[in-house]
Amino acid sequence: MGPLAQPTPSAGSTATDHRQGRDRSPDPAARLEMTGISVSFGGVTALSDVSLVVEPGQVHGLIGPNGAGKTTLFNVACGLVRPSAGEMTWRGSAVRKLRPHQLAGLGISRTLQGVGLFAGMTVLENVMVGAHRHARAGFASALLALPRSDSDERELRARAAAALADLGASRYADRYPGGLPYPVQKRVALARALVADPDLLLLDEPASGLAEDEMHELGELIRTLSGRMSVLLVEHHMDLVMRVCDQITVLDSGRQISAGTPAEVQADPAVTEAYLGDDVDVEADAAELSAAGEGGRHRD
Amino acid sequence: MQQFINVTLTGLTEGMVYAAFALALVLIWRSTRIVNFAQGSMAAATAFIALALIQAGWSYWAALVVALVSGFVMGAVIERVVVRRVEGGPELNAVIVTLGLFVAIQAGIAIVFGSSFQSFPTPFGLQGFQVGDNRIAFTPTSLYVIGAVLVTMGLLVALFRFTRVGLAMRASAFGQEVARLLGVRVGRMLTLGWGLAAVVGSLAGLLIAGGEFIYPAYMDSLIVFGFVAAVLGGLDSPIGAVVGGLILGLALSYVSGYVPRGSALVNVSALVILMVVLLVRPGGLFASSTARRA
């Protein structure tokens, strides 16, 4: 994935100052707490009483069999789903009525299960949209193409180019995403999330469709990222999760069945039962593993 | 030969207006997946506003600016107040709403400004340029029409390519949910998009009105031509809309110039072209690879 600069400690940055993302330590206040979250759709309970804390600078894994509610919890964290009960705090203050467009402003970025790139825009432009929240020219001045907006646009472009370079995808900058291999698209999507220089990164199955060596690179990248932001990771690939996560929460059928360090979770009989008790899922995981082993890619 | 040149020049001029109108339809289609049938009435309303100002003694240019601004406001307000409620819902609802707006605005014009024919001025002459011993069917007004459309298109390209707002508007058009997660105010972008489209549409209406008579329904045929041009180019492609407009302008001009009693066949020809395009290349000439539902 290319050389990502090692984090160097810097004096506490605040939410408002203009950050140069590559040289800072995680914001000590950047803690996401979800307490007693419940979600029901109609009469169906998708999540009941789930709590987790993503500590600043940590990688927190969220695992569980299919249908366990991982994505639902994720959607709660980014405002797409409103919980029917429970509370979420970010940076120490309660977040209520979160709406998706506010996410970037709060310093939270999310990648999607698919790649979700804008088909009609170049790779560079895609990433520029991710850097959107850093641009400060107002509506009117941008419309009238005033000088401020012009330099603003140039800065946006430079920032996006740097993010692509960080992930070793510079040479695709002028291509359209549709024609690129899936792993490259995923990398671009990640660059688009990282260019906003978030304090919390929500990664939704970043390894799906990646081959073994690409997954390894991804793992190393996530470890590097944790030096400068908190990461909440939903992932099926157990080896990746166990390797990169500091803390893991295990969900099954909308309930939290285990939580702790990778070693603790692996030793927890409830987790083994949840995974082995579900025949269908084991088969699906096995199929996915063998597909990945053959270098096969699947698309979401 | 002279007739060929005349017919071609006329076709290009009219094609430019169709192109502008098609572009307005495409801008809205791309961002909200709605065909705005009310575009013509909205443009006609702004033309009547301009005419009222000119009759009150304003200069053509001041009236033009006011008309375009009122077009922007009208487009933005209609999106925010009416269309927002049907966006993303069943397609038929949106079609019915824009058709309803089409009728309602046209009736509104008739109520406010009356439904008689009124002549609309043009800032430039209507007499053809002199080339050698002949006068060609290319007037200073034609030049103005082509120039105005080209400048507008240039500005739109600059907006979409080189500004942050343009970037956000394109992102909203290609993926609303994702754009929202990236912090783009998608709703505002859609409102802005409708406003801009209405400006382009009303420019087309004002240009085609120059030196002609206007009445509440004078834009009706332009809706058909603009729609055919947009489908010809592929509803998703702004460049396609422009090329489609030019092709349609030329084709219709040749029909009316060369076919006996051809001027009566112009509307029919437009529909024939529409049918052929839908049968042979339903995605349009410039369609992207993704299939589009007709």
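Since we're looking at a predicted model, the values are computed, not measured. (Residues numbered from 1 in each chain as written. Chains lettered and ligands numbered in written order. Predicted model: local features only at pLDDT ≥ 70, side-chain atom pairs only at ≥ 80, totals over all residues.)

### So, the sheet that holds strand 1 (residues 32–41) of chain A
All names here are of chain A. Filter applied, for reference: Pairing between two strands is assigned when DSSP locates at least 2 bridges connecting them. Going along the chain from the N terminus, every DSSP run of H or I of four or more residues is numbered as a helix, and every run of E of two or more is numbered as a strand. Placing C-beta atoms from the backbone, we regard two residues as in contact once those atoms come within 7 Å. For every element, the axis is a line fit to its C-alpha atoms; helices are fit only across the contacting stretch, and the angle between N-to-C directions ranges from 0 to 180 degrees.
Spatially, 2-1-4-5 is the arrangement adopted by the four strands of the open sheet, whose pairing is antiparallel. With one partner strand each, in any of the chains shown, strand 2 (44–54) and strand 5 (93–94) form the two edges of the open sheet. As judged from the seven bridges shared by strand 1 and strand 2, these two strands associate in the antiparallel manner. Paired with Met 34 across the strands is Leu 52, a residue of strand 2. Contacting strand 1 and strand 2, helix 1 (residues 70–77) runs over the sheet at an angle of about 115 degrees to strand 1.

### What to know about unusual backbone geometry
All names here are of chain A. Formally: For every residue, the other C-beta atoms within 10 Å of its own C-beta are counted; 20 or more classify it as buried, 12 or fewer as exposed, and values in between as partly exposed. C-beta atoms are placed from the backbone.
In this model, Asp 49 sits at a positive phi of 55 degrees, which is unusual for a non-glycine residue. Among the structural elements, Asp 49 can be located in strand 2. For Asp 49, a count of 14 C-beta atoms within 10 Å corresponds to the partly exposed category. One non-glycine residue, Arg 91, lies in the positive phi region at around 55 degrees. Among the structural elements, Arg 91 can be located in the loop between strand 4 (85–90) and strand 5. Looking at Arg 91, the number of C-beta atoms within 10 Å reads 18, which means it is partly exposed.

### Observations regarding the domain arrangement of chain A
Residue and element names in this part refer to chain A. Note the following rule: Residue ranges assigned to the domains are those given by an automatic or database domain assignment. Side-chain classes follow a simple rule in which Ala, Val, Leu, Ile, Met, Phe, Trp, Tyr, Cys and Pro form the nonpolar group, Asp, Glu, Lys and Arg form the charged group, and the remainder, Gly included, forms the polar group.
Structurally, chain A comprises domain 1 (25–107 + 198–294) and domain 2 (118–192). Listed per partner, the contact involves six residues of domain 1 and six residues of domain 2. In terms of residue class, the side of domain 1 that touches domain 2 is built from three nonpolar, two polar and one charged.

### What about the interface of chain A and chain B?
Opposite the 29 residues of chain A that make contact, chain B presents 20 residues. At the level of elements, helix 2 (123–130), helix 3 (139–143) and helix 4 (147–166) of chain A are the ones that each hand at least two residues to the side of chain A that touches chain B.

### A closer look at the nonpolar core
One recurring pattern in soluble globular proteins is that nonpolar side chains are buried together. Short version of the rule: What makes a nonpolar core is a set of buried Ala, Val, Leu, Ile, Met, Phe, Trp, Tyr and Cys residues, with links drawn between C-beta atoms within 7 Å.
Among the nonpolar cores identified, the biggest contains 172 residues, and A:Val127, B:Ala19, B:Ala20, B:Ala47 and B:Ala204 are the most heavily contacted of them. A per-element tally of this core places helix 8 (residues 186–209) of chain B first, with 16 residues.

### Remarks on the environment of B:Gly226
Residues and elements named next belong to chain B. One can find Gly 226 in helix 9 (residues 220–233). Between the C-alpha atoms of Gly 226 and Leu 265, which are 39 residues apart in sequence, the distance is 17 Å. Leave out the neighbours within four places in its chain, and Gly 226 touches Tyr 18, Phe 21, Ala 22 and Leu 25.

### Some thoughts on the confidence of the model for chain B
Just so we agree on the cut-off: On a range of 0 to 100, pLDDT expresses the predictor's confidence in each residue.
Of the residues in chain B, 97% have a pLDDT of 70 or more, and the chain-wide mean is 88. Every residue in residues 289–294 of chain B is under pLDDT 50, and counting partners more than four places away or in other chains gives six contacts.

### Digging into the sheet that holds strand 3 (residues 59–63) of chain A
All names here are of chain A. Judged by pairing direction, the sheet is mixed, and its six strands sit side by side in the order 6-7-8-3-9-10 without closing on themselves. Across the chains shown, the open sheet's two edge strands, defined by having one partner strand only, are strand 6 (108–110) and strand 10 (255–260). Strand after strand, the sheet turns through a mean of 15 degrees between neighbouring axes, direction not considered. In this sheet, strand 10 lies alongside strand 9 (residues 247–252) in antiparallel orientation, the contact comprising five bridges. Within strand 10, the position partnered with Leu 251 by the bridge is Gln 256.

### Quick look at the packing of helix 1 (residues 2–32) of chain B against helix 9 of chain B
Residue and element names in this part refer to chain B. Inclusion rule: Note that the term roughly parallel is reserved for angles under 35 degrees, roughly antiparallel for angles over 145, roughly perpendicular for angles of 65 to 115, and oblique for everything else.
Orientation of helix 1 relative to helix 9, taken along the N-to-C sense of each, is 70 degrees, at an axis distance of 8 Å. One way to sum up the angle between helix 1 and helix 9 is to call them roughly perpendicular. Taken together, the residues of helix 9 that come into contact with helix 1 (itself represented by Tyr 18, Ala 19, Phe 21, Ala 22, Leu 25 and Val 26) are Leu 222, Phe 225, Gly 226, Phe 227, Ala 229, Ala 230 and Gly 233. Per-class residue counts for the contact of helix 1 with helix 9 are eleven nonpolar, two polar and no charged.

### Overview of the environment of B:Thr13
Along the polypeptide, B:Thr13 turns up in helix 1. Distance in space between the C-alpha atoms of B:Thr13 and B:Leu99 is 28 Å, their sequence separation being 86 residues.

### Quick look at the packing of helix 9 of chain B against helix 11 (residues 266–280) of chain B
All names here are of chain B. Where we set the bar: A clockwise turn of the near helix away from the far one marks a right-handed crossing, whereas an anticlockwise turn of less than a right angle marks a left-handed crossing.
Remark: helix 9 packs on helix 11, axes separated minimally by 10 Å, with the N-to-C direction vectors making an angle of 25 degrees. In this view, helix 9 runs roughly parallel relative to helix 11, as classed from their interaxial angle. Helix 9 and helix 11 meet at a crossing whose hand is left-handed. Taking contact as the criterion, the partners of Ser 221, Val 224, Phe 225, Val 228, Val 231 and Leu 232 in helix 9 are, on helix 11, Asn 267, Ala 270, Ile 273, Leu 274, Val 277 and Leu 278. Tallied by class, the residues present in the contact of helix 9 with helix 11 amount to ten nonpolar, two polar and no charged.

### Quick notes on helix 8 of chain B
Residues and elements named next belong to chain B. Worth spelling out the cut-off: To estimate the expected span of a helix, count its residues, drop one, and scale the result by 1.5 Å.
Compared with the 34 Å implied by 1.5 Å per residue over 24 residues, the 34 Å span of helix 8 between its first and last C-alpha is a close match. Most of helix 8 sits inside the fold, with 22 of its 24 residues counted as buried. Just past helix 8, the residue Gly 211 takes up positive phi, approximately 75 degrees.

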